Amino acid sequence: MDHSQIDELTKKCESLVVSERMYRNICDTSDRAFIYQDFVNNTIRTISNWNYYFDFDINDEQDMINIFNYIEAEYAIAFRELLNLEKTGIENQSAVVKFKDSATWIEIITTVIYDEDRNPTDKIIRFSDITKIKNANDELTYMAYYDILTGLYNRSYFVRLLSDFLRDAEKKNDVVAILYINIDDFRKINDAFGMTVGDEVVQQFGQFLGEFKSDHVIVSHFNADSYCIAIYDPYGHRSIEVITSAIYDRLYWPFYLSNHQELILAVSIGVAEYPEAAKSSLELINCAEIVMFKAKTMGSNSLHYFDAPILHEYLQNVAIENKLKEATFSQNFILYFQPQYSIEGKKLRGFETLIRWRDNDGKMISPMQFIPIAERNGTIVPIGTWVMEESIRTYSEWRKQYDCPLILSINISAIQYAQEDFIEKILGIIKKYNIDPNEIELEITESVLIDDFKEITEKLHTLRSLGIRISLDDFGTGYSSLSYLKGLPITTLKIDKSFIDTVLFDENTKVITESIIFMVKKLGFESIAEGVETEEQYTYLESIGCDGIQGYYLNHPMPAEEIEKRVLCHL
Ligand code: C2E
Ligand code: CA
Ligand code: CA
């Protein structure tokens, strides 16, 4: 061996030492454990962090049997396959197994190296503790399917399961029903008791609904205060009626919250069925939601079934809502005025302002249709401001020309009253056109008072103290309790058209109408009958002491120019 050969050998040895050290370092610092089996030299040994996983040693192949003592029975077969992998000719295989008596999850990977004749030369079995990763993964999987608050299925998983139901139903010609359930006035619960109580309510009610879960019933928490239940074959054992009446039975009793509060809940339920209402899961849920909104308009704890007119009405409302966003006041809105007369001598008392909307293709849209939509999406605020300004401006022109003290009535919706600057706004307009506040009357409905009786009453008192008149509209259609009227600064009470329609034929209506007028007199208000269409109605109202009338009998609502031509010029 010459020098150069010795040098080369030394270099090789050194590099072997380096790689051996590197290899040892890697193994020593690894948190894994390895079994290395050399089939050529018939040796077997453990490497790296073996003692972290096992407290026995492996000196020959037989010792490997001990590993089974660590693995839970249900994973034994998978591990046996890994142990005997060289007998199958496969190079790589892995399995995740659970250790007995602990929540440890181990990933085991076996790699077999074969020679050219496909005889195994080496086998490496690697053990890695993957508990942390597995748990995080399980949590992710959980979060992907379940709603953390209620433990019910979440929205997206519900949609998936519902699609499975629909696929089965299509094959078997079955029906699937969706119940869309929404807690009534949930915002009020949150506002009054805080979000934590709100969450607890959602949780407790959700857990109650969870009891309906079965092979045929999927229950989900859909969003904040909504739940969806899908029932496969809803006329069978678990029928819509069985579930909904169990829900309403439960709602009869209060929920007991951790802050010792007792709370009675009410819900609105919309029901839509496959295949009648819709064929796809999203459309079906949508239909049930639309019906739920319809149910909401019918009072608390209402239930409504899907039918085609509801969908039609909904689509129409969506169209109106879209048009409303594009409407320009001066172009699309027109004010009509309907004269009001005092009964005595049919003397002109004033006018009620009624808005009209002509959309861009010339079609008239009734305020009964668009006002509720404008109230829902908030556009009532600018619309209402426009009505106040435009009607008072028109009235101020009439005042200049005709010099007659009349009363201008303006319909104001609850949303407008709730605005902080409402009083400021109306006063500003009255001042701008230099009108006596006594000539302005604001019409409110009882629904205005329901939401925040105290605050609204205070506002009404302020308005009244400034001289503005307050008229209670549509009296008789709402709660109509005469007792609360006493505390309100009301000047006028408008008896709803529905009374006037039947008062001549119906004894009950007669009694009610007469007692309303009697009470109104006692309380010192003025009474105005709405929707008076005939002479007979007029004569009767006069005989029972009603103060004023408004209706087609004397005048339809009409635009400002016509009021001038047909009413004001006769003054
Ligand atoms: P409302 O305040 O009860 O108005 C009376 C409604 O009865 C008006 O309908 C009027 O045209 C109609 N009417 C008057 N006399 C008779 C009659 O003899 N027979 C019949 N069949 N109907 C009569 P309109 O103009 O369609 O208004 C409907 C509702 O829309 C109003 O009911 C009011 O609640 C609301 N509204 C109208 N304009 C405004 C507004 O500017 N702001 C707000 N917030 N609501 C408005
Ligand atoms: Ca009115
Ligand atoms: Ca009315």
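Everything that follows concerns the structure shown earlier in this document.
Residues numbered from 1 in each chain as written. Chains lettered and ligands numbered in written order. Predicted model: local features only at pLDDT ≥ 70, side-chain atom pairs only at ≥ 80, totals over all residues. Heavy atoms only, no water.

### Some details on the pairing of strand S18 (residues 469-475)
Cut-off, in case you're wondering: When accessible area is computed with a 1.4 Å probe and restricted to protein chains, residues below 20% of their type maximum are described as buried, those above 50% as exposed, and intermediate ones as partly exposed. Only DSSP runs of H or I with at least four residues qualify as helices, and only runs of E with at least two residues qualify as strands; both kinds are numbered from the N terminus onward. In this scheme, strands are said to pair when DSSP sees at least two bridges between them.
Most of S18 is tucked away, with five of its seven residues classed as buried. In the sheet, strand S17 (residues 440-444) pairs with S18 via four bridges, with the strands oriented parallel. Directly across from Glu443, in S18, lies its bridge partner Ser471. The pairing of S18 with strand S19 (residues 492-495) spans three bridges and is parallel. The partner of Phe475 across the bridge, within S19, is Ile495.

### Things to note about the coordination of the calcium ion (ligand 2)
When a metal carries six donors in an octahedron, the ideal angles between them are 90 or 180 degrees, while four donors in a tetrahedron ideally lie at 109.5 degrees. Put simply, the rule is: Donors, by definition, are the N, O and S atoms found within 2.8 Å of a metal, the threshold being 3.2 Å for Na, K and Ca, and water is not counted, so a site can look incomplete.
For the calcium ion (ligand 2), the full set of protein donor atoms is Glu352 (OE), Asn411 (OD1), Glu443 (OE) and Asp473 (OD), and the range of their distances to it is 2.1 to 2.3 Å. Donor residues for the calcium ion (ligand 2) sit on one chain with the sequence pattern E-x58-N-x31-E-x29-D. Separating the calcium ion (ligand 2) from the calcium ion (ligand 3) is a gap of 3.8 Å, which Asp473 spans by donating to each of them. Separated by 59 residues along the polypeptide, Glu352 in strand S14 (residues 347-358) and Asn411 in strand S16 (residues 407-411) bring together distant segments of the chain.

### Details of the sheet that holds strand S7 (residues 217-223)
What counts is decided by this rule: Every axis corresponds to a line fitted to the C-alpha atoms, with the helix fit spanning only the stretch in contact, and the corresponding angles, defined between N-to-C directions, vary from 0 to 180 degrees. Here, residues are in contact when the closest pair of their heavy atoms is within 4.5 Å.
Taken together, the five strands give an open sheet; going across it, the order is S7-S8-S6-S11-S12, and neighbouring strands pair in mixed fashion. Edge positions in the open sheet fall to S7 and strand S12 (303-305), since each of these has one partner strand only. Across the sheet, the mean angle from the axis of one strand to that of its neighbour is 20 degrees, orientation sign disregarded. Across eight bridges, the pairing between strand S6 (residues 176-183) and strand S11 (residues 267-274) is antiparallel. What sits directly across from Leu179, in S11, is Val271. Along the sheet, helix H9 (residues 281-296) contacts S6, S7, strand S8 (226-232), S11 and S12; its crossing angle with S11, the most-contacted strand, is approximately 145 degrees.

### Focus: the coordination of the calcium ion (ligand 3)
Asp473 (OD), Asp474 (OD), Glu530 (OE) and Glu530 (OE) make up the full set of protein donors to the calcium ion (ligand 3), lying at 2.2 to 2.5 Å. Sequence spacing of the donors to the calcium ion (ligand 3): D-D-x55-E. For Glu530, a relative accessible area of 11% gives the class buried.

### A closer look at the environment of Tyr153
Relative to the helices and strands, Tyr153 is located in the loop between helix H4 (131-145) and helix H5 (155-172). Residues Tyr153 and Gly210 lie 57 residues apart in sequence; the distance between their C-alpha atoms is 9.3 Å. Once residues lying within four places of it in the same chain are set aside, the contact partners of Tyr153 are Tyr145, Tyr146, Asp147, Leu161, Ile218, Val219, Ser220 and His221.

### What to know about the sheet that holds strand S1 (residues 33-38)
Think of a sheet as strands paired side by side through backbone hydrogen bonds, with each pair either parallel or antiparallel. The antiparallel open sheet is built from five strands, whose spatial order is S2-S1-S5-S4-S3. Each having just a single partner strand, strand S2 (43-48) and strand S3 (92-98) make up the two edges of the open sheet. Strand-to-strand twist of the sheet, defined as the mean angle between neighbouring strand axes without regard to direction, takes the value 15 degrees. Relative to S2, S1 is paired through six bridges, and the arrangement is antiparallel. Looking across to S2, one finds that Gln37 is bridged to Ile44. The strands that helix H3 (residues 76-83) touches are S3, strand S4 (105-114) and strand S5 (120-129); relative to S3, the one it contacts most, it runs at about 150 degrees.

### Structural notes on the packing of helix H6 (residues 186-193) against helix H7 (residues 195-210)
In plain terms, the rule: We call two directions roughly parallel when the angle between them is under 35 degrees, roughly antiparallel when it is over 145, roughly perpendicular when it lies between 65 and 115, and oblique otherwise. Classification used: nonpolar for Ala, Val, Leu, Ile, Met, Phe, Trp, Tyr, Cys and Pro, charged for Asp, Glu, Lys and Arg, polar for all others including Gly.
Orientation of H6 relative to H7, taken along the N-to-C sense of each, is 135 degrees, at an axis distance of 7 Å. Taken together, the axis directions place H6 and H7 in an arrangement best described as oblique. Residues Phe186, Ile189, Asn190 and Phe193 of H6 form the contact with H7, whose own contacting residues are Met195, Val197, Gly198, Val201 and Val202. When the residues that make up the contact of H6 with H7 are grouped by side-chain class, the tally is seven nonpolar, two polar and no charged.

### Section: a negative patch on the surface
Applicable threshold: Each patch groups residues whose relative accessible area exceeds 30% and which form no salt bridge, using 9 Å between like charges and 5 Å between nonpolar side chains of Val, Leu, Ile, Met, Phe, Trp and Tyr. With residues, only the protein chains shown are counted as cover, and all accessible areas are computed by Shrake-Rupley using a 1.4 Å probe. For this analysis, a salt bridge means a side-chain nitrogen from Lys or Arg found within 4 Å of a carboxyl oxygen belonging to Asp or Glu. The charge count includes Lys and Arg as positive and Asp and Glu as negative, but it does not include His or the ends of the chains. Lysine's charge is taken at NZ, arginine's at CZ, aspartate's at CG and glutamate's at CD.
A surface patch of like charges, here negative, comprises Glu420, Asp421, Glu424, Asp452 and Glu455. Its location among the elements puts Glu420 in the loop between helix H14 (414-418) and helix H15 (422-432).

### Concerning the site of ligand 1
Cut-off, in case you're wondering: The cutoff for a nearby residue is simple: one of its non-hydrogen atoms must lie within 4 Å of the molecule or strand. Polar contacts, as counted here, are pairs of nitrogen or oxygen atoms within 3.5 Å of one another; within protein the pair requires one atom able to donate a hydrogen and one able to accept it, and residues that are adjacent in sequence qualify only if both atoms are side-chain atoms.
Taken together, 21 residues sit near ligand 1, with Gln338, Arg356, Lys497, Glu533 and Tyr552 positioned nearest. Glu530 is positioned with one of its side-chain polar atoms (N or O) 3.5 Å from an oxygen atom of ligand 1. Tyr552 is positioned such that a nitrogen or oxygen atom in its backbone is 2.7 Å from an oxygen atom of ligand 1. Taken by itself ligand 1 offers 800 Å² of open surface, and the protein chains cover 83% of this. Every element with two or more residues in the shell around ligand 1 is listed here: S14, helix H12 (367-377) and S18. With four residues, S14 is the largest single contributor of residues to the shell around ligand 1. Of the residues assigned to the shell around ligand 1, the class counts are nine nonpolar, five polar and seven charged.

### Looking at the pattern of salt bridges
Two side chains of opposite charge can pair, provided their charged atoms sit close to one another. On inspection of all chains with the given rule, the structure shows 23 salt bridges. The salt bridge partner of Glu441 is Arg349, with a shortest N-O separation of 2.7 Å. Taken together, the positions of Glu441 in strand S17 and Arg349 in strand S14 put the pair 92 residues apart, joining distant regions of the chain. When sorted by exposure, Glu441 lands in the same class as Arg349, which is buried. With a closest N to O distance of 2.7 Å, Lys494 and Glu443 form a salt bridge. Linking Lys494 in strand S19 with Glu443 in strand S17, this pair joins segments that are 51 residues apart in sequence. For Lys494, a relative accessible area of 0% translates into the label buried. We classify Glu443 as buried; its relative accessible area is 1%.

### Observations concerning the nonpolar core
Going by this rule: As used here, the term nonpolar core means buried Ala, Val, Leu, Ile, Met, Phe, Trp, Tyr and Cys residues forming a set that is joined through side-chain atoms within 4.5 Å.
Among the nonpolar cores identified, the biggest contains 76 residues, and Phe351, Ile392, Tyr417, Leu442, Leu463 and Leu541 are the most heavily contacted of them. In terms of residues, this core owes the most to one element, helix H13 (residues 380-402), which gives nine residues.

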